[in-house]
Amino acid sequence: QTIDYRLTPRPFQRSSSRLLLAMLYSLPALLLAFASQPEPCPEPIVCPTCPVLPEEATCQAGDGRRRLALASTNEYLTAPRDHVFTPEHMSNPSAYEPARQTCAMVKTGYDMHCCNASAEEPFNPVSTITDFNCFVEAGAHIVHAEGFSGAKIDSLLTASECTHHDPLFNWQLSPRHPEGDFCYVGSFDGLNAMPILGNGMMQTMATGKSYMRTFINTEIRGQVGAQSAQWAISTSEDKGGFGELPPAPEDILIMHGAMEQFADLDRETLEVVNGGQTVKKVFTARGFPYNTVIPPTATSEAAYTIVKKHSDLHINVKNSLKNPDGTYTVVTEPNEPFCPASPLDPVPEGTDLRFCGLYGHCGSKISYKHEYSYTVDGVPAYGAAEGVGSEDEFVLVAQEGGASFNPPAGSSPSAPTGTVQILDVRRGHWYQLPHLSVGTIEMAFTISTGHPDYIAIGIEDYGDSSCGSGWTVWLGKKDKTSPHFLDRNGLGINQGRLYRFVAANGETDMATFVNWPASGAFEYPQVDLPGTLEPIDAMFDGRYGEFEDGYEWTRPSTNCAMTVSGKTPLRMTGVSKQEWGGTNPDKPNQWAIAETGLGNTKTTDGEPKWDKSTLPLGSDRASTLIFLEAEFKAALDALDGVAVLSTGGVASRNGSPLPESISAKVYHVMADQVVMGPQREAGLSYVDSLYWGKGDNVFFAEDSNAPGGYNIAGIYNLETRKTVTIAGAIGDDNVKFNNVANVPAGSIDRRSDQELTGWFDASASLTCDVDASTGTCSPQEMYDTQTSKHMILNNQMKGYGEGCMDYGFYYTAQMMYIAIPEFDWATTTLAAPTPEGSRRRKLELAEKKKFEKQPRRRKLFEECTEDLEGAWTDDDEFQECQLH
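Residues numbered from 1 in each chain as written. Predicted model: local features only at pLDDT ≥ 70, side-chain atom pairs only at ≥ 80, totals over all residues. Heavy atoms only, no water.

Caption draft 1: Structural view of the pattern of salt bridges. Tallied over the full model, the rule gives 25 salt bridges. Put simply, D312 and K309 hold a salt bridge, and the shortest N to O gap is 3.2 Å. The partner of K798 in a salt bridge is E755, with the nearest N and O atoms 3.3 Å apart. Placement of the pair is K798 in strand 42 (residues 790-800) and E755 in strand 41 (residues 755-761), with a sequence separation of 43 residues. The exposure class of E755 is buried, given its relative accessible area of 2%. Shared partners join several salt bridges into a network, and the residues in it are D541, R543 and D549. (Salt bridge = Lys/Arg side-chain N within 4 Å of Asp/Glu carboxyl O. Helix = DSSP H or I, 4+ residues; strand = E, 2+ residues; numbered from the N terminus. Buried < 20%, exposed > 50% of the residue type's maximum accessible area, 1.4 Å probe, protein only.)

See the structure below:
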């Protein structure tokens, strides 16, 4: 059984109207047309010219509606193609075409396919009234998130929208998208930005203007289905990159799944004017025979090779294994997946496209060259004032899992082997870094060492539930004279090692160490909790799995390892769940971590640590932010001039001495027990995205079951311990979750909680003065022009495999701009109240549960409306009945 991705082409047209979805909001008849159960058209119908309506006519499709069935079914193979909109390239500059969608067109489509129907006909929003929702101009759809506390939100880009694309890189495009235009694939997750000069380099438009380039992760996996994404990389050493000729057809490798997209925005209009793939070539640690020891003296030039075939990708790592009888099975070849050679080739039934590309890109963090080499109020931000930070511009991207082959005993059958990945921004080279941990990686980000010769990377790994999530840092020594990108930046396999936090008092349970949930109370006094960062007793040597010489490199071994000194690192006992992290720009040896799974902490016997009714929100989804600081500079200064490892000391595999311990501490726990939104208890639910802005303002967002109807995004101010709610993504039980709660229209496949993610401060990228000689801005100017007032953020709306998404766009997502108001944190009345300070009515027991049915929500809304008396006042933000 096979599938064929080719579709019958039709003329390509676009819409550039930001009113596109606003028109849909105003059409009750259209909303009815999307309802899930067929029923006769209502009387009277909004259609004065309608003939007599046959009883069997329907205005909407039933539950089985789908433009293109999953590609592995016969329904896909036999479906007629005349109802599918597939565009062709237009010669006109797409960004400036006039709007083509009108209310009249919507009405005509509705009348033709419903009012005038002579027989039952499923209402198809893609082929009838919303042809122009697919492949429209970038920025056409209106924003789909709620703003709070005076924040202004606007849409910049929505999945399935398209923009200008450099024709030299057309070989990377999906053949299911318009030829010559780049169309954005959801879901959007990690988000970063940098200023860039339009000089024709790095796939920019040669205009001489300055732009903001955003880097957009896609948290997706390859799938056999119409929604699955396709793109391509070059396997040639000297073709396919920035400034190079396109690769020959035989040097193009088709990829399925995750990608890293860029969007260049006009800094005056915020219009997306150019886009494409950031990744041109992929490199993995396969320079030596598979699963053999890499020599300790090997450089990255020898250890890394360009990916030529899918089995070279990290997702196809296959572990050696210890058998139950004590013997070992040594694996000498990686997994060899079947992957289509061409994007138009048929795919046999049973093919698993997860192993035919990159996988699950989650959190990400950009690093500018020498990013921490600036002063704050005339004093170096931390340590030295020059040369601190990376030697090149790069983006760290987490691979969130990926099923492993031959998982170790006691692990899940799908024990993941995700890792940290890095993009060389200037060359378009992508490296996978298994020596920075294997497992489920949520985030990696730089931390300042204060020393120009060393680099530190914070790694947010889920860990393994047999021990739990911990606080991990890679410390590497840079070889600034190396011609290789990884070695210059201290990220070569043999250049560093992993450190974990050890509590000074010997405590190993994270919640106990920080006294949470008590420490999450607003009035709780903050005290320093000392500890150290110490190297774990394990380093990657090129082998995966378990071996007879005692070496291991697996998810459990990297996350449950003891330190070199024999100590047990601090852990979230029995829970593998932590999310993003970020560095304080005002003091960059401080960082924060989103402790998502803290409320689900276990005892040493594997039982819940608490009765969850006693936790914030009355839920084991209760979570918090924890803030750390480490004195890297003092520990590294002690090594200056030390070239040879002392007896009993610590070193990287290449023999470079490293600190035996680094003084560190927890110095703050978020006051999470405040009421952050309507119709909810006090607490922070499954915190996910995190970004630390200037002025000790930390931006966060939830990825949960939307308590009270919203997954909240907000700002936490450390000095005052206050939180202001900024935005909300609607939950599946929100009264506002209707059939236009997703864009493009027709893309909802089920009710799903939406998620805000990817907070990033775009102010410097929008305003700094780009140097024509370097094509970017200095570290000092990047710091000085950050204001945390011009933020960008993604919304994962999660409309999956429906409507336009069936053209290889996975699921619906949107990149947004948020203008942040000025807050006087000492006096603001917009701060989330404590439970005692809130005038909310206590929810009844039945209302504490997650609302699952729309009728209940409508009933609650009616009760709120009936109870409304008088005018709303400024301090009614968090009343149970929200008028919005």
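Caption draft 2: Structural detail: the pairing of strand 39 (residues 710-717). The element strand 39 is extensively covered by neighbouring structure, given that eight of its eight residues are classed as buried. A two-sided burial pattern is seen for strand 39, the buried positions comprising Y710, I712, G714 and Y716 on one face and N711, A713, I715 and N717 on the other. Both strand 38 (residues 697-702) and strand 39 contribute to a ladder of five bridges, which runs antiparallel. Within strand 39, the position partnered with F699 by the bridge is I715. Of the pairings in the sheet, the one linking strand 39 to strand 40 (residues 722-730) comprises eight bridges and is antiparallel in character. Residue pairing across strands places G714 opposite T725, the latter belonging to strand 40. Linkage of strand 39 to strand 40, two consecutive antiparallel strands, is achieved through a turn of four residues, within which R721 is found at a positive phi near 60 degrees. (Pairing = 2+ DSSP bridges.)

Caption draft 3: Spotlight on the pairing of strand 21 (residues 441-447). In terms of residue burial, strand 21 counts as a mostly covered element, since seven of its seven residues are buried. Between the antiparallel neighbours strand 21 and strand 22 (residues 454-461) lie six residues, among them G450 with a positive phi of about 75 degrees.

Caption draft 4: Broad picture of the nonpolar core. Counting residues in hydrophobic clusters, the biggest one holds 97 residues, and the most contacted among them are L157, I726, L756 and W759. Residues in contact with L157, not counting those within four places in the same chain, are A138, G139, Y184, F188, I216, A263, V272, A813, Q814 and M815. Listed in part, the 68 residues of the second largest apolar core include V514, L625, I730 and I748. (Core = buried A, V, L, I, M, F, W, Y, C linked by side-chain atoms within 4.5 Å. Contact = heavy atoms within 4.5 Å.)

Caption draft 5: Molecular detail of the sheet that holds strand 38. A sheet is described by the order of its strands in space; here five strands give the open sequence 1-40-39-38-37, paired in antiparallel fashion. Every other strand in the sheet has two partners, leaving strand 1 (146-147) and strand 37 (687-693) as the edge strands with one partner each. Pairing of strand 1 with strand 40 involves two bridges; the strand directions are antiparallel. Looking at strand 40, one finds that E146 is bridged to G728.

Caption draft 6: The arrangement of the packing of aromatic side chains in detail. For the structure shown, the criterion picks out 25 aromatic pairs. On the basis of an interplanar angle of 50 degrees and a centroid distance of 5.2 Å, the ring pair of F540 and Y544 is categorised as tilted. Note on Y544: relative accessible area 4%, which makes it buried. Lying over the aromatic face of F169, K280 brings its terminal NZ or CZ to 4.2 Å of the ring centre. For K694, the ring lying beneath its charged end belongs to Y783, and the centroid distance is 4.1 Å. (Phe/Tyr/Trp six-rings, centres within 6.5 Å; stacked < 30°, edge-to-face > 60°. Lys NZ or Arg CZ within 6 Å of the ring centre and 35° of its normal.)

Caption draft 7: Looking closely at the state of the cysteines. Under the criterion given, the structure shown has four disulfides. Through a disulfide, C339 is tied to C356; the S-S separation comes to 2.0 Å. Given an S-S torsion of about -90 degrees, the disulfide between C339 and C356 has left-handed geometry. Residue C339 is found in the loop between strand 14 (328-329) and strand 15 (361-367), and its partner C356 is found in the loop between strand 14 and strand 15; the two are separated by 17 residues along the sequence. Pair check on accessibility: C339 and C356 agree, each one buried. Across a sulfur-sulfur distance of 2.1 Å, C467 and C560 are joined as a disulfide pair. Where C467 bonds to C560 through sulfur, the torsion about that S-S bond is close to -80 degrees, and the disulfide is left-handed. With a gap of 93 residues between them, C467 in the loop between strand 22 and strand 23 (468-469) and C560 in the loop between helix 8 (555-559) and strand 29 (572-573) connect regions that are remote in the sequence. (Disulfide = S-S within 2.5 Å.)

Caption draft 8: Broad picture of unusual backbone geometry. A cis amide bond links W516 to the next residue, P517, at an omega of 15 degrees. Mapping P517 onto the fold places it in the loop between helix 7 (510-513) and strand 26 (529-535). Of note in this structure, L270 is not a glycine but carries a positive phi near 60 degrees. Locating L270 in the fold gives a position in the loop between strand 9 (260-266) and strand 10 (272-277). Although it is not a glycine, Y686 adopts a positive phi angle of roughly 45 degrees. Within the element layout of this structure, Y686 appears in the loop between strand 36 (684-685) and strand 37.

Caption draft 9: Broad picture of the environment of V674. Mapped onto the elements of the fold, V674 is located in the loop between strand 35 (662-669) and strand 36. Each C-alpha atom of the pair V674 and K722 lies 8.7 Å from the other, and the pair is 48 residues apart in sequence. Apart from the residues within four sequence positions on either side, V674 is in contact with A682, G683, T723, A832, P833 and T834.

Caption draft 10: Structural view of the confidence of the model for the chain. Predicted confidence across the chain gives a mean pLDDT of 82, with 77% of residues reaching 70 or more. Segment residues 1-101 is flagged for pLDDT under 50; beyond a separation of four residues in sequence, or across chains, it makes 254 contacts in the model. Low pLDDT, under 50, characterises residues 839-884; the stretch is placed with 72 contacts to residues that sit more than four places away or in other chains. (pLDDT = per-residue confidence, 0-100.)

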